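Each chain, letter by letter, is given below.
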Amino acid sequence: MSLCVVLLHTGVMGFLGSAVRRVFSAVRSPLSPLCRTSTRSYSSELTKEKSVPYEKTLKQEDGASSGPTKPLPRSADAVVIGGGSLGCQTIYHLAKMGMTNVVLLERDRLTAGTTWHTAGLLWQLRPSDVEVELLAHTRNVISKDLEEETGLHTGWIQNGGLFIASNKQRLDEYKRLMSLGKVYGIESHVLSPAETKDLYPLMNVDDLYGTLYVPKDGTMDPAGTCTTLTRAATARGATVIENCPVTGIQVRADDIGVKRVKAVETQHGTIETPCVVNCAGVWATKLGEMAGVKVPLIAMHHAYVVTERIEGIQNMPNVRDHDASVYLRLQGDALSVGGYERNPIFWDEVSDKFAFSLFDLDWDVFMQHIEGAVNRVPALEQTGIKSTVCGPESFTADHKPLMGEAPEVRGFFLGCGFNSAGMMLGGGCGRELAHWIIHGRPEKDMYGYDIRRFHNSLTDNKRWIRERSHESYAKNYSVVFPFDEPLASRNMRKDPFHQVLTEQGCMFQERHGWERPGWFNKEGPVAVKDYDYYGAYDVKRNEKYKYDELLGQEYTFDFPPHHDVIKNECLSCRHSVAVFDMSYFGKFYLTGPDAKKAADWLFTADVNKKPGTTVYTCMLNKRGGSEADLTVSRLEPGAANLPLAPESNGDAYYLAIGGGVAEHNWNHIRTVLQDQGFRCQLTDHSEDMGMISIQGPKSREVLQEVLDTDLSNEAFSFSSHKVVNAAGHQVRAMRLSFVGELGWELHIPKDSCLPVYRAVMAAGAKHGIINSGYRAIDSLSIEKGYRHWHADLRPDDTPLEAGLAFTCKLKSSIPFQGRDMLEKQKKEGLKRRIVCFTTDEKVPMFGLEAIYRNGVPVGHLRRADYGFYIDKTIGYGYIRNPDGGVTIYETIHHKSHSHKWHCMRFVNCDGT
């Protein structure tokens, strides 16, 4: 490798000369990065060939100070640990919101961990309305707010951003981003190849399909931003202390045994505090271990190179060429070039001494980005490399950050795992985290970042963290298709029906670690195989992988090839009968002396009906936002008959909750019980029972042959439940529907699942019974206007806005969490509300499309699907009065490729 080093030092190496190609391919055979971990050397010296492209960093050239830069206070309302982007943004927003007795502790100097070497790119458009809002706040903070507050320039450069599309699917994705951006006033333009060439003369456009240009994207400076943030925070009373490593977190158990943060320990003293914020980046896992908190992230090498001067590159926009998995960041009169490779190097043995340090760049790994970069900007082939930057970054299982209060310890908050986007998302996430700490919940819907989105069985599973983080990293620049599924770490949680459904062609989806049915392939089994790392690290690719092949057919913004298969599943349910495996549902029991008080406070609906009644209800946060929707069944008191019934001498409730959000719901309930001091037990029997839902007009005839009870309307009314015998096995039968048809759910002890399922299928054979999956449920439920939590019902939506006022006991005098906010909203009138749309033309929609009224954007679709029974595309979105006033129904149109939409409303029913 010595020849390459010499070339790098001289700065005259052609970026992709043929000689260098031969050198890199011949020097050594690829080394498996599954073994490339901490054995790689790193340097803390800022050498010419390894240095960040910033004029200023915060490293002390004379070495670190021997002690803290300020005395430690005895106590603080909150201690933020980590002086990178997130730590600085969080303490700034805490102070700005009025919590000024706060301390930031940094083990070295600000930005010393991973922030100092970040590329600092800010792209305003993402395939998420919440992320668009978070990015907008970051941009406002660094380009406007901080300069107004401090008089200091953060180093923000607004040079614009350019997304490259090499095919129609990619450009379709960009058009979806543009549509969403218009709702938020983000200027963007789809450019032809010729227009792109006019904007960026050095770019090769011969292979372009088009581009998306966002003029107000730009570039951030890490040292300038963090310095200005902490200056503004200390001006408001916050304390920032550098050169002060944390050595321990004290945790105590309160009077009811709940673990809470007590203090932060350092070599230079202890700070008593009820709140710790873990913003320690790649070191966050070690910090979590000090408090007994699991932090599921992994560190990887992430690199870019800085070129020599390029004539004519000045003032060009930053570029993301997603299909080449490469970005080009403007660096004055040069470019920084980086990307996401399929074989990143893991850093398993994270060093506490690593500060303002970089790894040696592994050219075997990095060279895969070069061809794409040179193809896009041919001038790079004759441009030398001035320096290389290869540092650690933290990555997570779904490429989303880890935020919120840890389930294990109250008062321990996470603000880490930002997947190389900590600068970009820092402002928005810092504000939400500050609001979370002060008020108990964020303002926005942060479920996608909340640590509670992951099941507790996964967050310390090393295989799951490693495989899923790798796949998320490797696919970071892939098109975000609506129905994609992970290939990594599958089959982590399987229900009792898994094998028999696999044999019948089940195409599984992964949710919360569970394998749940998506749809059924008529051409035979499609088993999910072990993860093959996409062939990286010398792992052999899976061959003849039918699941992967069918998943690839989903990679379209048109109707997929199996559209008619899902149609058949839906119409079989509408016209006859279908079976849905819903075993992944969360199944909890709420019991204890204060169970009734807890149920009254937790649930918006009055669930204290007679035993045998099931009620659909919401749970709210203090701001009236919907934290969950679920069914609550009141049980008869009596001896334990687990898993079908808990022991209870008084009030007892059975909670059935969508499995993908079960952990979130569990922790929400537990937190409310703790905060209110209710003497209750919440027990989880999700793994102990399976659940099948038999739905359709023929469901009564089928089940009457299987169950030993009268299923007539008079004997078994809607929203009721009973423990009955099914083919000789006890089950809890509930007359409910998530698809709007006559039907029952059977909640079945694990060992009885297969005999009951076989009995149901045998009884239904003469009626043409079929298996159906969640793709059918999505379609059937949207036809009937049923809400899906975290789609058209989120923590930032109230039940009144979501059309769920019927779930709220506002006509009673019973208090419940969030009631005061609903009463206030009802009195003042709704500023936004949900509306349903259909389209005349048969076009697919997936959500995020803009809604216009008289040419003005008034909202966007949250959820969309095809309704096969009505033979139309259906969408739900929240609309608002652009003037900010009360929203009323008028003529609304959805604008997308000139398709005409109609506004409509549905009546919920169970098909009886």
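Residues numbered from 1 in each chain as written. Predicted model: local features only at pLDDT ≥ 70, side-chain atom pairs only at ≥ 80, totals over all residues. Heavy atoms only, no water.

A. Representation of the overall build of the protein chain in the model. For the protein chain, the helix and strand inventory stands at 21 helices and 40 strands. Relative to the 2.2 N^0.38 estimate, which gives 29 Å for 912 residues, the radius of gyration of the protein chain is 28 Å and therefore close to what a compact globule would have. Projected onto its principal axes, the C-alpha coordinates of the protein chain cover approximately 85 × 65 × 55 Å. Taking all 912 residues of the protein chain together, the buried fraction comes to 62%. Residue pairs in contact within the protein chain that sit at least 24 positions apart in sequence constitute 74% of those at least 6 positions apart. Carbon and sulfur atoms make up 49% of the accessible area of the protein chain, which amounts to about 33600 Å² in all. Taken as two groups, the 104 positive and 111 negative side-chain charges of the protein chain have centres that lie 3 Å from each other. (Helix = DSSP H or I, 4+ residues; strand = E, 2+ residues; numbered from the N terminus. Rg over C-alpha atoms; globule rule 2.2 N^0.38 Å. Buried < 20%, exposed > 50% of the residue type's maximum accessible area, 1.4 Å probe, protein only. Contact = heavy atoms within 4.5 Å. Areas by Shrake-Rupley, 256 points an atom, 1.4 Å probe, with all protein chains shown as cover. Lys, Arg positive; Asp, Glu negative; His and termini not counted. Charge placed at Lys NZ, Arg CZ, Asp CG, Glu CD.)

B. Quick look at the pattern of salt bridges. Under the definition given, this model contains 53 salt bridges. The partner of Arg126 in a salt bridge is Glu131, with the nearest N and O atoms 2.9 Å apart. A single burial state applies to Arg126 and to Glu131, both of which are buried. Among the salt bridges present, the one from Glu701 reaches Lys698, with a minimum N-O distance of 3.7 Å. One connected set of salt bridges, linked through shared partners, spans Asp129, Asp445, Arg794 and Asp796. (Salt bridge = Lys/Arg side-chain N within 4 Å of Asp/Glu carboxyl O.)

C. The arrangement of the packing of helix 4 (residues 129-150) against helix 7 (residues 222-235) in detail. Taken N-terminus to C-terminus, the directions of helix 4 and helix 7 make an angle of 45 degrees; their axes are 10 Å apart at the nearest point. On the basis of their axis angle, the class for helix 4 and helix 7 is oblique. The chirality of how helix 4 crosses helix 7 is left-handed. Where helix 4 approaches helix 7, its residues Val141, Ile142, Leu146, Glu149 and Thr150 are matched on the opposing element by Thr225, Thr228, Leu229 and Ala232. Considering only residue class, the contact of helix 4 with helix 7 consists of five nonpolar, three polar and one charged. (Axes fitted to C-alpha atoms, helices over the stretch in contact; angles between N-to-C directions. Parallel < 35°, antiparallel > 145°, perpendicular 65-115°, else oblique. Left-handed = near helix turned anticlockwise from the far one by under 90°. Nonpolar A, V, L, I, M, F, W, Y, C, P; charged D, E, K, R; others polar.)

D. Local environment of the side chain of Arg634. On the secondary structure map, Arg634 appears in strand 27 (residues 626-634). Within the local environment of Arg634, its side chain forms a polar contact with the backbone oxygen of Lys609, the two atoms lying 2.8 Å apart. The contacts of Arg634, once residues within four sequence positions are left out, are Val607, Asn608, Lys609, Lys610, Pro611, Gly612, Thr613, Asp651, Ala652, Tyr653 and His721. (Polar contact = N/O pair within 3.5 Å; in protein donor to acceptor, adjacent residues only side chain to side chain.)

E. Representation of empty space enclosed by the protein within the structure. A complete count under the given rule lists eight cavities of 30 Å³ or more for this structure. The calculated volume of the second largest cavity comes to roughly 170 Å³. Along its surface, the second largest cavity is lined by 16 residues, and Phe483, His563, Arg775, Asp865 and Tyr866 are the ones closest to its centre. If you list the elements that add at least two residues to the lining of the second largest cavity, you get helix 15 (563-575), helix 20 (774-783) and strand 37 (856-867). The element that contributes the greatest number of residues to the lining of the second largest cavity is strand 37, accounting for three residues. For the lining of the second largest cavity, the residue count by class is 10 nonpolar, two polar and four charged. (1 Å grid on protein atoms, 1.4 Å probe; cavity = no way out; pocket = protein on both sides within 12 Å on 5 of 7 lines; lining within 4 Å. Points joined across faces, edges and corners; volume = space filled by probe spheres on them.)

F. Representation of the environment of Lys59 in the model. Note that Lys59 resides in the loop between strand 1 (42-43) and strand 2 (78-81). For the pair formed by Lys59 and Ala223, sequence separation is 164 residues and the distance between their alpha carbons is 9.7 Å.

G. Highlighting the nonpolar core. If you look at the biggest cluster of nonpolar residues, it comprises 184 residues, and the most contacted ones within it are Leu105, Tyr200, Ile249, Leu380, Phe412, Cys429 and Phe580. Beyond its immediate sequence surroundings of up to four residues, Phe412 is in contact with Ile249, Val261, Val276, Asn278, Leu287, Gly288, Ala291, Val293, Gly404, Glu405 and Ala406. (Core = buried A, V, L, I, M, F, W, Y, C linked by side-chain atoms within 4.5 Å.)

H. Geometry of the confidence of the model for the protein chain. With 91% of its residues at a pLDDT of at least 70, the protein chain reaches an overall mean of 91. Counted against residues more than four places away or in other chains, residues 1-48, with its pLDDT under 50, gives 95 contacts. Taken as a whole, residues 890-900 scores under 50 in pLDDT and shows 30 contacts with residues more than four places along the chain or in a different chain. (pLDDT = per-residue confidence, 0-100.)

I. The pairing of strand 2, seen in detail. Every second residue of strand 2 is oriented toward a common face, with Ala78 and Val80 on one face and Val79 and Ile81 on the other, all of them buried. Where strand 2 and strand 3 (residues 102-105) come together, four bridges link them in parallel fashion. For Val80, the partnering residue across the bridge sits in strand 3 and is Leu104. In terms of handedness, the path from strand 2 via helix 3 (residues 85-96) over to strand 3 forms a crossover that is right-handed. With three bridges joining them, strand 2 and strand 13 (residues 276-278) adopt parallel strand pairing. Bridge pairing in strand 13 places Ile81 opposite Asn278. (Pairing = 2+ DSSP bridges. Right-handed = clockwise from strand over helix to strand, strands pointing away.)

J. The sheet that holds strand 11 (residues 259-266), seen in detail. Pairing in this open sheet of three strands is antiparallel, and the strands run 10-11-12 from one edge to the other. Single-partner strands in this sheet number two, and they are strand 10 (246-253) and strand 12 (269-272). Within the sheet, the average angular offset between the axes of one strand and its neighbour, ignoring direction, is 25 degrees.

K. Seen up close, the environment of Val132. On the secondary structure map, Val132 appears in helix 4. With relative accessibility at 2%, the residue Val132 sits in the buried group. Distance in space between the C-alpha atoms of Val132 and Asp348 is 33 Å, their sequence separation being 216 residues. If we skip the residues at most four places from it in the chain, Val132 touches Gln124, Arg126, Leu180, Tyr184 and Ile186.

L. Quick look at the domain arrangement of the protein chain. For the protein chain, the domain assignment lists domain 1 (78-117 + 222-297 + 399-453), domain 2 (155-220 + 299-394), domain 3 (585-765) and domain 4 (831-906). Look at where the C-alpha atoms of domain 1 and domain 3 centre, and you get two points 38 Å apart. Residue-level contacts link 11 residues of domain 1 with 13 residues of domain 3. On the domain 1 side of the interface with domain 3, the three residues burying the most area are Arg410, Tyr447 and Arg452, jointly 48% of the side's total. The interface formed by domain 1 and domain 3 holds two salt bridges in total. (Domains from an automatic or database assignment. Buried area = accessible area lost by both parts, 1.4 Å probe.)

M. The arrangement of the sheet that holds strand 17 (residues 334-339) in detail. Strand order in the open sheet formed by eight strands is 6-7-5-15-16-17-14-19, and the pairing between neighbours is mixed. Both outer strands of the open sheet, strand 6 (189-191) and strand 19 (385-395), are each paired with one neighbouring strand and no more. Mean inter-strand twist for the sheet, computed between neighbouring axes without regard to direction, equals 20 degrees. Across six bridges, the pairing between strand 16 (residues 326-331) and strand 17 is antiparallel. Counterpart to Leu328 in the pairing with strand 17 is Val337.

N. Just the layout of surface pockets, in detail. Each pocket or cavity is described by its volume, and for the largest pocket that value is around 940 Å³. Surrounding the largest pocket, 44 residues form its lining, Gly82, Glu106, Arg107, Ala280 and Trp283 being those nearest its centre. At the level of secondary structure, the elements contributing two or more residues to the lining of the largest pocket comprise helix 3, strand 10, helix 8 (284-291), strand 19, strand 21 (412-416) and helix 11 (422-439). For the lining of the largest pocket, the leading source of residues is helix 8, giving three residues. Counted by class, the lining of the largest pocket contains 18 nonpolar, 19 polar and seven charged residues. Two domains each provide a minimum of three residues to the lining of the largest pocket, namely domain 1 (78-117 + 222-297 + 399-453) and domain 2 (155-220 + 299-394).

O. Expanded view of the packing of helix 16 (residues 595-602) against helix 17 (residues 662-676). Contact pair helix 16 / helix 17: the axes reach a minimum separation of 11 Å and the direction vectors enclose 115 degrees. Seen along the crossing, helix 16 lies across helix 17 with a hand that is right-handed. Between helix 16, through Ala598, Trp601 and Leu602, and helix 17, the contact on the second element is made entirely by Ile669, Val672, Leu673 and Gln676.

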